[in-house]
Amino acid sequence: MDLTENNTTIERMLLAEAGQKKIPMNGSIELLPLCNMNCDMCYVRLSRKEMEAQGRLRTADEWLEIGRQMKDAGVLFLLLTGGEPFLYPEFRRLYLGLKELGMILTINTNGTLIDEDLAEFLGQNKPRRVNITLYGSDDNAYRDLCHYPDGFKKTIRGIELLRQHDVDVKIGGSLTKANEHDALKLINVGDELGIPVRIDTYMMPATRERSKPYNQQSRLEPIRAAQARIQCLKAEMGPELFEQYIQQTLSQIDNMPPAEEAPGHMSCLAGKCSFTINWQGEMRPCVILTKPAASVFEIGFDAAWKYITEETDKILLNSKCSACSMRSLCRTCAACALLEAGSHDALPEYMCQYTEESLRLLRLEASTNIKE
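Summarised in this report is the structure supplied together with it. In this text, all values refer to a predicted model and were calculated from it rather than measured experimentally. (Residues numbered from 1 in each chain as written. Predicted model: local features only at pLDDT ≥ 70, side-chain atom pairs only at ≥ 80, totals over all residues. Heavy atoms only, no water.)

### Observations regarding the packing of aromatic side chains
All chains considered together, the criterion is met by 11 aromatic pairs. Between Phe91 and Tyr95, the aromatic rings sit 5.7 Å apart at their centres with planes inclined by 25°, giving stacked as the arrangement. Residue Phe91 and its partner Tyr95 are located together in helix α4 (residues 91-100), separated by four residues, close to a single helical turn. This pair shows no difference in class: Phe91 is buried, exactly as Tyr95 is. Ring plane angle 75° and centroid distance 5.2 Å describe the contact between Phe275 and Phe301, whose orientation is recorded as edge-to-face. Here Phe301 lies in helix α12 (residues 301-312) and Phe275 lies in strand β8 (residues 274-277), a separation of 26 residues in the sequence. By the burial criterion, Phe275 is buried, and Phe301 matches it. These aromatic residues form a ring-pair network of at least three members: Phe86, Phe91, Tyr95 and Phe121. When the ring centre of Phe297 is taken as origin, the NZ or CZ atom of Arg58, which lies over that ring, is 4.1 Å away. One residue, Arg219, lies across the ring of Tyr350, its end atom 3.9 Å from the ring centre. (Phe/Tyr/Trp six-rings, centres within 6.5 Å; stacked < 30°, edge-to-face > 60°. Helix = DSSP H or I, 4+ residues; strand = E, 2+ residues; numbered from the N terminus. Buried < 20%, exposed > 50% of the residue type's maximum accessible area, 1.4 Å probe, protein only. Lys NZ or Arg CZ within 6 Å of the ring centre and 35° of its normal.)

Okay, structure coming up:
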């Protein structure tokens, strides 16, 4: 998960400078692992029984103390997520407390729990944005993938209520085998709501499925995922912007200077200026990487951040990736390699196939445009 994806150009410049200085400007808190839905591909959700076997939820007071430490350390942008964050018992008190500390807050939610009262609260105390994922274009998709009948209607209602209260909303889509036929329909839903939809066609393997072959996993197989990637980009961008994207991408790949194979460091901002803290208080470089980890409740925010930055610097990627001509199109990272192939420096076969097919399809699109 790229916590900086929706930042403005100026904000990205601030984050880049923070990354050079190792200032923790951008973070997320996973308030709880509980969710009212049970999506097949989810790598976070726990049942209440599973959660209680691992620990307890932290109180708003405990999180606010960490918030004060974060403020002193330089944290400005903070994402509240879960699980489903609106299930957190003290959400509103914590939210208001973090805003009072000067945090610029974003919320990740499935949208189904947003009613008039909650929408009014957020309208009066605006977050920077509410990110909502659409898992299908009707209730049948929610029933089959999320095991939550009526989920689509509730999500759309939540989005409409937020818009009525002038709350900024971003819609994302997660594509799996259960809803792949809905890809273009999801984009159309966004058009009807007046909100662009960004479809994510690469899904990291769910915890319960990582040992299974691709054809037995909930996510799309790599070739099909790449096909959906190009199809969705084409629909999201429109003809002119998509053609520019093709030209820029192919030019970058075809003019990539040769590079020697050498272990590479993480290129994202995780562990440089960005972090995540899970519901148990473990700070990590990002939401996917479970290690390195340090407890902010045991050693404090500053000590945890120092440890994370030092350990993140030690993570190396596969040497072949640094010399690959497709590296600008590839979405691999330390987390991807770890989940796909078992170690940070492994070659993630899924991502290699996904990228190769994406490039083939872009070249095919380019040749078709020339003929036309």
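What follows picks up the thread again.
### Brief notes about the pattern of salt bridges
Scanning the entire structure with this criterion turns up 21 salt bridges. For Arg92, the salt bridge goes to Asp117, with nearest N and O atoms at 2.8 Å. Pair noted here: Arg92 is in helix α4 and Asp117 is in helix α5 (residues 116-124), with a separation of 25 residues, a long-range link. The exposure class assigned to Arg92 is partly exposed, which follows from its relative accessible area of 31%. For Asp117, a relative accessible area of 43% translates into the label partly exposed. Several salt bridges share partner residues, and in doing so they unite Arg56, Arg58 and Glu62 into one network. (Salt bridge = Lys/Arg side-chain N within 4 Å of Asp/Glu carboxyl O.)

### Focus on the sheet that holds strand β3 (residues 104-109)
Read from one edge to the other, the open sheet built from nine strands follows the order β6-β5-β4-β3-β2-β1-β8-β9-β10, with strand pairing classed as mixed. A strand with exactly one partner marks an edge of an open sheet, and here the two such strands are β6 (197-200) and β10 (294-295). Where strand β1 (residues 26-30) meets strand β2 (residues 77-81), five bridges bridge the pair, whose relative direction is parallel. Bridge assignment links Asn26 to a residue of β2, and that residue is Phe77. (Pairing = 2+ DSSP bridges.)

### Notes on empty space enclosed by the protein
Empty space among the atoms becomes apparent when a probe as large as a water molecule is rolled across them. Going through the model one piece at a time under the given rule, you end up with one cavity of 30 Å³ or more. There is about 40 Å³ of room inside the largest cavity. In terms of lining, the largest cavity is formed by Glu30, Thr81, Thr276, Ile277, Asn278, Arg284 and Val287. For the lining of the largest cavity, the class distribution of residues is two nonpolar, three polar and two charged. (1 Å grid on protein atoms, 1.4 Å probe; cavity = no way out; pocket = protein on both sides within 12 Å on 5 of 7 lines; lining within 4 Å. Points joined across faces, edges and corners; volume = space filled by probe spheres on them. Nonpolar A, V, L, I, M, F, W, Y, C, P; charged D, E, K, R; others polar.)

### As for the packing of α4 against α5
Packing of α4 against α5 leaves a shortest axis separation of 12 Å and a crossing angle of 10°. Between α4 and α5, the angle is such that the two are roughly parallel. Contacts between α4 and α5 involve Arg92, Tyr95 and Leu96 from the former and Asp117, Leu118, Phe121 and Leu122 from the latter. (Axes fitted to C-alpha atoms, helices over the stretch in contact; angles between N-to-C directions. Parallel < 35°, antiparallel > 145°, perpendicular 65-115°, else oblique. Contact = heavy atoms within 4.5 Å.)

### Comments concerning the environment of Met51
Mapping Met51 onto the fold places it in helix α2 (residues 48-54). With 17 residues separating them in the primary sequence, Met51 and Leu34 have C-alpha atoms 7.8 Å apart. Apart from the residues within four sequence positions on either side, Met51 is in contact with Pro33, Leu34, Leu46, Leu57 and Trp279.

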